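Reading the structure
Single-letter residue listing:
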Amino acid sequence: MDDLRNGFFQECDELFEGLVEGLNALDEGRGSRETINAMFRAVHSIKGGAGAFKLDQLVSFAHAFETALDDIRLGKVAADAPVVALLFTASDHLSDLVEAARRGRDRGREADPDRASAVLRALKALSGGEGDASGDPTTAQSAVVAEFEAIKLDLGLDDPAVFAGAGHPAGAGGDGADRTGRFRIQFRAYRDLFETGNDPALLFRALGELGALSVRVDDSAVAPLGQFDWCEPVLNWTLDLVAKPGVAEDRLREVFEFVEEVCSFEIKRIPAAQSLSGQAETADLCAMLPGHSVGDAGGRTPPVAEPDLGDGAVSGNERAVCETTCGATTCGETVGQASAPADEGQIIGAVSAPPVSECAPLDGKGHTIRVDLQRVDRLINLVGELVISESMLSQSMGALPVSSTAEIDIAMGQLKQLSGMLQESVMAIRAQPVRGLFQRMSRILRESARQAGKSARLVTQGEATEVDKTVTERLVEPLTHMIRNAVDHGLEDADTRRARGKTERGTITLTAAHRSGRVVITLSDDGGGIDRDKVRAMAVEKGLIAPLETLSRSESDNLLFLSGFSTAGEVSNLSGRGVGMDVVRAEIQSLGGRVTLASVAGEGTTVTISLPLTLAVMEGMIVQTAGETIVVPATVLRETVLASEAVVHEVMNGDSVLQMRDGLVPIVDLGRALGYSAETGPLAAQSLLLIEDDAGNRTALAVDRMIDQREVVIKGLEQNFGQVPGIAAATILGDGRIALIVDIEQLLALPGSIAPPEVLQNAEARGARHV
Amino acid sequence: MSERAAAKAHGPRREIFTFVVGDAGYCIEIEHVLEIRAWTETTTMPQTPEYVTGLMNLRGIVVPVIDLSLRLGLGRAAATPRHVIIIVRVSDQTVGFLVQGVSDILTVEEGDLKPVPRVSLPATQSFVKGVYTLSDQLIRAVDVHQILPDRDGMAA
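Residues numbered from 1 in each chain as written. Chains lettered and ligands numbered in written order. Predicted model: local features only at pLDDT ≥ 70, side-chain atom pairs only at ≥ 80, totals over all residues. Heavy atoms only, no water.

The name given to chain B in an unreviewed UniProt entry is Chemotaxis protein CheW, with the source organism recorded as Rhodalgimonas zhirmunskyi.

Where an unreviewed UniProt entry is consulted, chain A appears under the name Chemotaxis protein CheA, with the organism given as Rhodalgimonas zhirmunskyi. The Catalytic activity (unreviewed entry) field of the UniProt record for chain A holds the comment "ATP + protein L-histidine = ADP + protein N-phospho-L-histidine." In its Function (unreviewed entry) section, the UniProt entry covering chain A states "Involved in the transmission of sensory signals from the chemoreceptors to the flagellar motors. CheA is autophosphorylated; it can transfer its phosphate group to either CheB or CheY." (UniProt positions renumbered as here; feature names shortened; annotations may be inferred.)

Here you go:
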C-alpha cells in the first residue's frame, strides 16, 4: 500500500509539472484547447488517485478545480487574466494539499484554510456552482485503473492482435462520427527500415497521436523457427485509424515521410458508413470481458485499451506466433524482423498512452521507470571503478614489449571507448531536466510578488536542459533566495516602473543552457539594477572595504555576495536580513559552481550561475609538486605559463610576483601551500598556473610539472576521513594511485599560504574579503 | 586463517584478531576486520596528524591508512613490503591500520579481558582497553573507537 501511495505522489509531481506548464502557456496567451484538456486530465488524475487513497479534502478540492477547468474547456468561461491567476492559485493550493497528504496530514489541519475556502469559493463562482455530475470519484478511479492497464505488456502475441487506442469510443459513438476521418493503412517494412534504425513501433505511436488507432498484424508469413530468416521482415500490418477532427490524409503521410523508401504502405480512406472490422472486433472482445463497457456514447468514456486480451482471442495461428516470439528471444534484438514481435508489446502500451486519450496521464513525453537512487549511485560507482580498471589495464599493456599484437591494441581501444560510453550513459541516468525546478521557482515568484505587492511574471527558457539530480535539488534554495531578491530589491514598484517607461508588470527571466561542458543558469530581472553608490556606502559602513578603495564595476557588484550585506532600506519579510547572496554563493560553490553578477543601472540585474554537469566527474589539470601528484580543478584555471618565459620579480625571502599586462599577481608555491615542503621549488624550472576566483582575484600557482588535463572521477573524502582544509576531494589515477584535488579558494585562504601583506596589500585585502 | 584456540566451556565468548605492532601482540574484535591487504604506497595528505600515513585505493574507494605504531606512541613504523594493512570498519568509517604483521584469530572469553597494567606508556594506555593473557603471551586489546576519535579530529 505504501508503495502505491508513494507511486501516487510521484505521479502527482509529474502531473503538476504538466499542469503548471499548461498554466504558463495560458498565461503567455499560447494556450490551446489541448492545453486545457491536458490540464483537466492532470487534475482529474490527481483526483482519481486521491480518491483511491481516501484523501477526501484533496478529492473535493480537485473536483472543484476540475469543474472549473471543464467549464473553460467547454468554452463556458473565458480563460482571461484573472481566471488564469485564480487557476495558478488553485494549482498552488492543490500542490499544498498533495504535499500535506504526502506527510500524512490530510485529515488534520490544513496549511492555509482561509485560502482554501477563498479559492474554493472563487472556483465554484467561476463554474456557477454547478457541474457536480461530471467525474465523480468512481470515474476517476477507473481512470487510474486505465493507466495501469495501458502499461500491461503481452508478449505472447495473438492473431489477429487487436489493440485499440484508448479514450475515444471504439464504435461509432456519439462523438461526431461524420467529422472524423477513417483510414486504413497497409504497412509492410523492408529490411532497410530496420537497418536504418527505424522502428514500426515509433511510426505507429506517431499515428496513434493522430487519433484512435487499432493495429493488426498478419504473421502468416512467419516461418517456423529453424527455417526462419530473421533478417527478412515478414510481418504485414493493418492499421485502422479513426482520425481526430481536422486530421487530413497528409498528416498521416507525414508520419511515413522518412521511411517512404524503406517500406511499403498504402493509405485508404474508408467511408464512415463502412464498419471497421478491427474496431468491431475490439468491441466484441471487450464486451467479453467483465466490467468493461465499450462504445459508451457519453463524454468521458471508460478506456477500451485492454491489451491483455490473450485468452479471449486465441486463434489458429498460435503456434506460429509462439515461434516468432521464440525467434525474437534467440536472435536477440539485432537488426531485423525478429525484434518486431517483441516491439509489438510496446506498441500496446504506446499506442494507448499518448495524450489523445481523455483519461490518460498528462505527459506523453515518454516512458519512464522509477528506480531507487541508491541503485543508480551504486551503478555509477561501479562504472567509475570499471573506468579506472580499464585505464590501469591499458597502462600495464603499454609496459609490455612491442611484440604484443595490434589486435590487443584494437580491443583495448574498443574497451576504452565502451567504458567511456558506459560512463556517460550512466551519468545521464542521474540527469534530470530543470523543468521541475523552474516550475517551483515560478511559484516562489508568484508568492513573493504577492507579498511584496508587485506584479511580476517569470519567463523560463531551456527547461529541458538536463542537470544532475543532486544539483537540481541543491539549487532550490539559492534560486529561491535569488528570486526573492529580484522581486524585493530588483523590481521597482509599479509607479516607478511607469515613470521609467517600463511595463507595470516586471519580468524575471530564468534560463538554463549547456555551455562548454557546464550548465549555465541565469536569472535576470528588468528592474532598477544595483545602486553602486549605495552598495559602496554600505560596504564602507560595514567595514567590508576601505573608504578610499577603488573598485571596478564587477568588484563592486560582487560585494553583494559578502556575508552580512544587505542594501534594502528596510528589512522586509521576504529578504534583506543580511543572509542571502552569501548563502547563495556558498551553496553554489559547494556544488563546484561559480556565481557572478552583472547589473546595468535602470535596466536590471543578471545573476549567472555556472555549474558542473555532474558531481561525479570534473575536468582537472594534473600537476606534480614536491613529489606529489595533485589535481587542480580546471574551472578556476585561466592560463598556464612557464616561469622561465614569464616576467617574474622576486620580492623578498623567495616570495615572487608574476608581472602581467594588467598588474602583479602573487605566486604561491602549491607544494608549500599544501605543507608538503617547507621550501619553494626553484622557480625557474617551474610552471605557473594562473587561477582566478569568482571575485576576479588572481593567483599564480607554482608547480614542478604539468602532466595532463583530463576528466577525473571525484571520490569524496568525508565518509572515511572528514574535511581537510584546502582539499576538495580525491581521485584515482590511471596507475591506481590516489591524487588529491585541491580546493584553491580554501587553500589560498589558509594562513601562511599567500605572500607577505606589505608587498601585496591590495591583493591580500581582496583575499581577505572573500573569506 | 589457522585453528582456533580451544574454547572453554562457559562464559560469553568472542573472537579476536591478533596482529603485531612494534614486536608486541595486539588485537581487535573480529567484527571490525573487513580484509587484509599487502602494504601499498599511500598518497600523503596535507594538514593531517602525522600518524595518518596517507590514502590508499581500495578497489575504487579512498581509504585513509593509520600507522598504528605511531598512533600507539611506539614510533613510526618503517614500512616495508612485509608490513600489512588491516582494513577496518568502525561505525560507518572504513580505514586501514598499518601493522607489522597479522598473527591469528583466537576465541577468548569476555571475562578474560584484564585491565591494563599501569606500566605501559600513557599513550598506549588510552588506546588499549585491556589485555588478554594467552599461554605465554600478552595480547593488548586495542580500542578502535579511540584510535579514530572522530572524522574532524582525524582530519584536523
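Another point: the environment of Glu-447 of chain A. By secondary structure assignment, the location of Glu-447 of chain A is in helix H15 (residues 435–452). Distance from Glu-447 of chain A to Asp-92 of chain A, taken between C-alpha atoms, is 9.7 Å for residues 355 residues apart in sequence. (Helix = DSSP H or I, 4+ residues; strand = E, 2+ residues; numbered from the N terminus.)

What follows deals with the interface of chain B and chain A. The partner chain A presents 23 residues to the 25 residues of chain B that form the contact. Interface area, chain B with chain A, both sides summed: about 2000 Å², of which 57% is carbon and sulfur. Linking chain B with chain A are one salt bridge. Taking the shortest distance from any N to any O, the salt bridge between Glu-41 of chain B and Arg-737 of chain A comes out at 3.0 Å. For the pair chain B and chain A, the interface holds five residue pairs in polar contact (both at pLDDT 80 or more). Mapped onto the side of chain B that touches chain A, the elements with two or more residues apiece are strand S4 (52–58), strand S5 (61–67), strand S7 (93–99) and helix H4 (151–155) of chain B. (Contact = heavy atoms within 4.5 Å. Buried area = accessible area lost by both parts, 1.4 Å probe. Salt bridge = Lys/Arg side-chain N within 4 Å of Asp/Glu carboxyl O. Polar contact = N/O pair within 3.5 Å; in protein donor to acceptor, adjacent residues only side chain to side chain.)

Another point: unusual backbone geometry. Phi angles above zero are rare outside glycine, and Ala-626 of chain A is one such case at about 45 degrees. Here Asp-23 of chain B, not a glycine, exhibits a phi torsion of approximately 65 degrees, which is positive. Within the secondary structure, Asp-23 of chain B sits in the loop between strand S1 (13–21) and strand S2 (24–29). For Asp-23 of chain B, a relative accessible area of 67% corresponds to the exposed category. (Buried < 20%, exposed > 50% of the residue type's maximum accessible area, 1.4 Å probe, protein only.)

This paragraph deals with the pattern of salt bridges. Residues and elements named next belong to chain A. Inspection of every chain in the model, using the stated rule, returns 21 salt bridges over all chains. The salt bridge partner of Asp-92 is Arg-443, with a shortest N-O separation of 3.7 Å. Separated by 351 residues along the polypeptide, Asp-92 in helix H4 (residues 81–102) and Arg-443 in helix H15 bring together distant segments of the chain. Both residues of the pair, Asp-92 and Arg-443, count as buried. Among the salt bridges present, the one from Lys-469 reaches Glu-473, with a minimum N-O distance of 3.1 Å.

Okay, the sheet that holds strand S23 (residues 738–742) of chain A next. Residue and element names in this part refer to chain A. Spatial ordering of the open sheet is given by S21-S13-S14-S23-S22, a layout of five strands whose pairing is mixed. Sheet topology places strand S21 (705–713) and strand S22 (727–732) at the edges, where each strand pairs with a single neighbour. Mean inter-strand twist for the sheet, computed between neighbouring axes without regard to direction, equals 35 degrees. Pairing between strand S13 (residues 617–625) and strand S14 (residues 628–633): six bridges, direction antiparallel. Bridge assignment links Ile-622 to a residue of S14, and that residue is Val-631. (Pairing = 2+ DSSP bridges. Axes fitted to C-alpha atoms, helices over the stretch in contact; angles between N-to-C directions.)

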